[in-house]
Amino acid sequence: MNRRAWAEPYKIKMVEPLRMTTRADRELAIARAGFNTFLLRSRDVYIDLLTDSGTNAMSDRQWAGLMLGDEAYAGSANFFHFESVVRRCYGYRHVIPTHQGRGAEHILSQMCIKDGDVVPGNMYFTTTKFHQELAGGRFVDVIVDEAHDPMSEFPFKGNVDLDKLKKLIDEVGADKIPYLSLETNVNMAGGQPCSLENIHDTCALCHRHGIKVFLDATRAAENCFFIREREAGQQDRPLAEILRDICSYADGCTVSAKKDGLVNIGGFLALNDDELADEARNLCVVYEGLHTYGGLAGRDLEAMAIGLQESLDYDHIRARIGQVQYLGRRLMNAGVPVVHPIGGHGVFIDAGAFLDHLPREQFPAQSLASAIYLDSGVRSMERGGVSAGRNPKTGKNVHPRLELVRLTLPRRVYTQAHLDVTAESIMAVFEQRKEVVGLRFTYEPKRMRFFQARFEPVEGTSVMRDTTDVHEPVLSPHD
Ligand SMILES: *Cc1c(COP(=O)(O)O)cnc(C)c1O
């Protein structure tokens, strides 16, 4: 079927010029960064697909909202606007702002989790799991098996496996499970959604056993879009209505507004229980700031109030996820191995298959991220062996099943032409993939090593062997 041309539903009224670099510039920059894209300076990056967290472009209305910041210490007008938006969109009575998502996770975990408790969830997220463990809990993964299979086309890879959950409740007892943590559009699974039916059934099962459910609704807007696209009976429903349904099944939510919420900083905890809300406000004062600002400036609360509403606009989300799907499809059509189906916030390249001449000990995903940067200045992120770290008992490198490079799209920041440059760069590296050289550590930090690790090529000085026809990427979309 012929598809008519499509364009982003916004126009540009302020620009941030990008510095164009030569291959020689990039050769120097990536070597200086120890072949780790986290250590690149942003001025050396042309198209930055490192993360979609806090990298959103705000709208003119949000920028105007910044000027309305009421910076009173207590009872800022922006707080009451923000509170009314969250109440209306998410449906919970109590709203506690936090500086970002992990602030809300911290408060929730400290309130609800006791030493020896078990907290089931649909795949872990780094900060969520960390705070559960800090409070004395143990995380147990109850996501469906399809989530771990990169080639499975299952449309709701974020779903909870109800049998796994029942088995866990039988094993440890409901009284050991304070709540289930239910993540919408599961980040670590590649931005994969849960169905409305599964969210409903999961919450019903938990409530029958007296177990609460807290959503990680950080990516709920994207999840609502997939529900509308894929779930029977959900077509043509406003996203806001689907979100209200999702939230109505659960007891509350934590949110990092740096993702779907279209701001650069901010988050919140929302819930219905009066007693828990009192305690949450109390902990907020200790860790974040007074409960009417939660570590944020009044202007940040205003930008968040506006961004949260914009995030539920159908045309916005369709364009946002449409960009991700567009990039994914271009790569798939060129035979580049990527995780299926393409998710909500990024495209995940299977670096193990892409660079099948490199042993896992030479970190194919780390090498590939460096090679892509070298080719075009596109910055991506390793999500494989380097991120997985070492087994704390044996000291050996963990080689996870998925050795991935993640291309994450900031919201409303890049045009389709930027995505074409990205796709063509990756296709160019794919054509020369046998020339990509593996890496070894020159510096390995003890914790979260992927952020600060440094590497060198196992042969020569570059991550790409010299080829005779080294050329600059073609940057014009018009030829
Ligand atoms: C980013 C993220 C968080 C943590 O939020 P921060 O704002 O980075 O603290 C929690 N859950 C999910 C699903 C996320 O993507």
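Rules of the game
Residues numbered from 1 in each chain as written. Predicted model: local features only at pLDDT ≥ 70, side-chain atom pairs only at ≥ 80, totals over all residues. Heavy atoms only, no water. Helix = DSSP H or I, 4+ residues; strand = E, 2+ residues; numbered from the N terminus. Rg over C-alpha atoms; globule rule 2.2 N^0.38 Å. Buried < 20%, exposed > 50% of the residue type's maximum accessible area, 1.4 Å probe, protein only. Contact = heavy atoms within 4.5 Å. Areas by Shrake-Rupley, 256 points an atom, 1.4 Å probe, with all protein chains shown as cover. Lys, Arg positive; Asp, Glu negative; His and termini not counted. Charge placed at Lys NZ, Arg CZ, Asp CG, Glu CD. Domains from an automatic or database assignment. Buried area = accessible area lost by both parts, 1.4 Å probe. Salt bridge = Lys/Arg side-chain N within 4 Å of Asp/Glu carboxyl O. Nonpolar A, V, L, I, M, F, W, Y, C, P; charged D, E, K, R; others polar. Axes fitted to C-alpha atoms, helices over the stretch in contact; angles between N-to-C directions. Parallel < 35°, antiparallel > 145°, perpendicular 65-115°, else oblique. Left-handed = near helix turned anticlockwise from the far one by under 90°. 1 Å grid on protein atoms, 1.4 Å probe; cavity = no way out; pocket = protein on both sides within 12 Å on 5 of 7 lines; lining within 4 Å. Points joined across faces, edges and corners; volume = space filled by probe spheres on them.

Participant: Break down the overall build of the protein for me, citing the residues and quoting the values.
Facilitator: Secondary structure summary: the protein contains 17 helices and 14 strands in total. Rg of the C-alpha trace for the protein: 22 Å, near the compact-globule value of 23 Å for 479 residues, within the 12% margin. For the C-alpha atoms alone, the extent of the protein along its principal axes is close to 70 × 55 × 50 Å. Counting every position in the protein, which comprises 479 residues, the buried fraction comes to 56%. At a minimum sequence separation of 6, the contacts of the protein that also span at least 24 residues come to 73%. Accessible surface for the protein amounts to roughly 20900 Å². Of this, 51% is attributable to carbon and sulfur atoms. Positive and negative charge centroids in the protein, built from 56 and 65 side chains respectively, lie 3 Å apart.

Participant: Give me the domain arrangement of the protein: which residues, what numbers.
Facilitator: Each domain of the protein was delimited in the assignment, giving domain 1 (23-52 + 314-457) and domain 2 (60-310). Each of domain 1 and domain 2 was reduced to a C-alpha centroid, and the two centroids are 28 Å apart. Across the domain 1 to domain 2 interface the summed buried area is about 2200 Å²; carbon plus sulfur atoms make up 56%. Of all residues in domain 1, Y314, H340 and P341 give up the largest surface area on contact with domain 2, accounting jointly for 26% of the area buried on that side. Our count for the domain 1 to domain 2 interface comes out at 5 salt bridges. In this structure, E222 and R320 form a salt bridge, with 2.6 Å as the shortest nitrogen-oxygen distance. Residue assignment for the side of domain 1 that touches domain 2 shows that the elements contributing at least two residues are helix 12 (314-333) and strand 9 (346-350). Sorting elements by how many residues they give to the side of domain 1 that touches domain 2 places helix 12 first, with 7 residues. Taken together, the residues of the side of domain 1 that touches domain 2 sort by class into 9 nonpolar, 7 polar and 8 charged.

Participant: Let's hear about unusual backbone geometry: which residues, and what values?
Facilitator: With an omega of -25°, the peptide bond between H340 and P341 qualifies as cis. Within the secondary structure layout, P341 lies in the loop between helix 12 and strand 9. Despite not being glycine, F35 shows a phi value in the positive range, around 55°. Located in the positive-phi region is F363, a residue other than glycine, with phi close to 50°. Of note, F363 is situated in the loop between helix 13 (351-354) and helix 14 (364-376).

Participant: Please set out the pattern of salt bridges residue by residue, giving values where relevant.
Facilitator: Pairing of side chains with opposite charge becomes possible as their charged atoms draw close. Under the definition given, this model contains 30 salt bridges. Measuring nitrogen to oxygen at the nearest pair gives 2.8 Å for the salt bridge that ties R379 to D48. Taken together, the positions of R379 in strand 10 (residues 378-379) and D48 in strand 1 (residues 47-48) put the pair 331 residues apart, joining distant regions of the chain. Overall, R379 belongs to the buried group, its relative accessible area being 6%. Taken together, the shared-partner salt bridges connect D52, R219, E222, D260, R320 and R411 into one network.

Participant: Could you give me a rundown of the packing of helix 4 (residues 101-112) against helix 5 (residues 126-134), with the residues and numbers involved?
Facilitator: Direction vectors running N to C along helix 4 and helix 5 enclose 25°, while the axes themselves pass 9 Å from each other. When the axes of helix 4 and helix 5 are compared, the pair comes out roughly parallel. The chirality of how helix 4 crosses helix 5 is right-handed. Contacts from R102, E105, H106 and S109 in helix 4 reach T127, T128, H131 and Q132 in helix 5. Among the residues forming the contact of helix 4 with helix 5, the class breakdown is no nonpolar, 6 polar and 2 charged.

Participant: Provide a residue-level description of empty space enclosed by the protein, including the pertinent values.
Facilitator: With the rule as written, the count across this model stands at 5 cavities of 30 Å³ or more. Roughly 70 Å³ of volume is contained in the largest cavity. Lining the largest cavity, in full, are E105, L108, S109, T128, Q132, Y179, S181, F214, L215, D216 and T254. Taken together, the elements giving at least two residues each to the lining of the largest cavity come down to helix 4, helix 5, strand 5 (179-183) and strand 6 (212-216). Of the residues that constitute the lining of the largest cavity, the class distribution is 4 nonpolar, 5 polar and 2 charged. Each pocket or cavity is described by its volume, and for the second largest cavity that value is around 60 Å³. As for the second largest cavity, its lining consists of G121, N122, M123, Y124, F125, T128, K129, Q132, F139, S181 and E183. Secondary-structure elements contributing two or more residues to the lining of the second largest cavity are helix 5 and strand 5.

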